[in-house]
Amino acid sequence: MSNIVFFCIPAHGHTNPTLGVVRELVSRGHQVWYYSYHMMREKIESAGAVFVSCDEYDMEQKLSPKDAARVGKDLAFSTKILVDTTLALDDKVCADMEQLQPDCIVADSMAVWGKAAALKLGIPFVSSTTTFAFNEHSAKIMKQGVGELFKMLLSMPRITRQIKRLQNKGYPVKSILDILQNDNDTHTVVYTSPAFQPCSETFSDKYAFVGPSIRLAVDKIEKTKGRLIYISMGTVNNDMMPLYKNCIDALAGTEYQVIMSVGDLVSVEAFGALPENISIFSHVDQIAVLQQADVFVSHCGMNSVNESLYFGVPLVMLPQTTEQSGVAERVSQLGAGIKLRKADAPSIANAINIIFTESSYAQNAATVAEGFRKCSGAKGAADKILQVCDSER
């Protein structure tokens, strides 16, 4: 039996793909401890892991809404948050690892405190990557403008100061890339297929592209018309009433069934009376809807795109972050979706019409789905983790 420790950030999109892996490891008789946050406790424990809370140590939890909006946009600020959290967890994690004696640490690529602890303590490590794997080749898909590159260069002295803080506490890191970049010497599980991953051939054999981890649907969705359009902007940045109203204007009274999920930041009642063909909910069972959908209007979070393409559903894409833009770019390259230049009603209606009239989009989505289904899934990810455990004994 192996003792395995997981670390993750408080995000559904980063946690959900690992749950099937945890179940697989536990079913084989291995012990899993999972360091995460109370909002994830129920689902982590239901997968069979021992939940360990990081809430009181995490600096991001203490940010003001204004500062929280900077995370992911300001690299120096984000680095400080990551370093603050790593150092706040330092004593606890080091003491716990001494007691648990794990055979392996598995950490989300953004939960840098997990990787940093593995480096510091000499524990075998596996990176869990729920977005695209990142190296100098695949980074080219994350297109940055001159202004963004200039801001990054200006922030480097502040980033270097944060790395020095880690070095002073015994963490063997030389640069921000040591904890953020996927290098060819690190065992890595990537939750997508080799065909969907940009430049997959440039990664070493230490990478396991296991495909998306797709849970079973809980609900059953009734398809009431010939074609179903699903609209969702994810679970985080979804306060987008103007966009939702544009979607209603584009699709009201059409021959399509429309299901829209708007999250908790927008009141369903605020939409007033709705056209007969449009239903709006705070939350839906996305897997259940995508099993019936014909087009997905999406923000292009990696999990949402993986789930959409797993069921062969082409996308109309409105990315909100650099990461989502990279995912949208890859979908566009493979001809499985259309990226919107504008989010007005005519543009939305036109993109949906193109997908329905040009069969290549559905065909290309089906090709990606076929590649996903050939991957090894949670069993392959568990095999990779146990391989690392066994190789270091």
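Residues numbered from 1 in each chain as written. Predicted model: local features only at pLDDT ≥ 70, side-chain atom pairs only at ≥ 80, totals over all residues. Heavy atoms only, no water.

**As for the packing of helix α1 (residues 12-27) against helix α14 (residues 377-391)**
Working step 1: Axis separation between α1 and α14 bottoms out at 8 Å; the angle between their running directions is 65 degrees. For the pair α1 and α14, the sense of crossing is right-handed. For the pair α1 and α14, the contacting residues are Gly20, Val21, Glu24 and Leu25 in the first and Ala378, Lys379, Ala381, Ala382, Ile385 and Leu386 in the second.
Working step 2: Of the residues in the contact of α1 with α14, the class split is 7 nonpolar, 1 polar and 2 charged. (Axes fitted to C-alpha atoms, helices over the stretch in contact; angles between N-to-C directions. Helix = DSSP H or I, 4+ residues; strand = E, 2+ residues; numbered from the N terminus. Left-handed = near helix turned anticlockwise from the far one by under 90°. Contact = heavy atoms within 4.5 Å. Nonpolar A, V, L, I, M, F, W, Y, C, P; charged D, E, K, R; others polar.)

**Brief notes about the sheet that holds strand β13 (residues 337-339)**
Working step 1: Here we have 6 strands laid out as an open sheet, ordered β10-β9-β8-β11-β12-β13, and parallel in their pairing. Both edges of this open sheet fall to β10 (278-281) and β13, since each of them pairs with a single strand only. Between one strand axis and the next, the sheet turns by 15 degrees as a mean value, whatever way the strands run.
Working step 2: Contacting β12 (315-317) and β13, helix α11 (residues 322-333) crosses the sheet at an angle of about 130 degrees to β13. (Pairing = 2+ DSSP bridges.)

**Let's talk about unusual backbone geometry**
Working step 1: At Gln101, a residue that is not glycine, the phi angle is positive and equals roughly 50 degrees.
Working step 2: Here Gln101 lies in the loop between α4 (75-100) and β4 (104-108).
Working step 3: Even without being glycine, Cys300 reaches a positive phi, approximately 75 degrees.
Working step 4: Residue Cys300 is classed as buried on the basis of its relative accessible area, which comes to 0%. (Buried < 20%, exposed > 50% of the residue type's maximum accessible area, 1.4 Å probe, protein only.)

**With respect to the pairing of strand β9 (residues 257-261)**
Working step 1: With respect to burial, β9 is a largely interior element, 5 of its 5 residues being buried.
Working step 2: Of the two faces of β9, both are covered, the one formed by Gln257, Ile259 and Ser261 as well as the one formed by Val258 and Met260.
Working step 3: Inspection of the sheet shows strand β8 (residues 228-232) paired to β9 by 5 bridges, in the parallel sense. The residue of β9 that forms the bridge with Leu228 is Gln257.
Working step 4: Bridge count for β9 against β10 is 4 bridges, and the pairing is parallel. In the sheet register, Ser261 faces β10, and the bridge partner there is Phe281.

**Thoughts on helix α12 (residues 345-357)**
Working step 1: Relative to the 18 Å expected for 13 residues at 1.5 Å per residue, α12 spans 18 Å between its end C-alpha atoms, a close match to the ideal helical length.
Working step 2: By the burial criterion, the buried members of α12 are Ala345, Ser347, Ile348, Ala351, Ile352, Ile355 and Phe356. (Expected span 1.5 Å × (residues − 1).)

**Some remarks on the environment of Phe203**
Working step 1: Within the secondary structure, Phe203 sits in the loop between β6 (187-190) and β7 (207-209).
Working step 2: For Phe203, a relative accessible area of 8% corresponds to the buried category.
Working step 3: Residues Phe203 and Ser138, spaced 65 residues apart in sequence, show a C-alpha to C-alpha distance of 9.7 Å.

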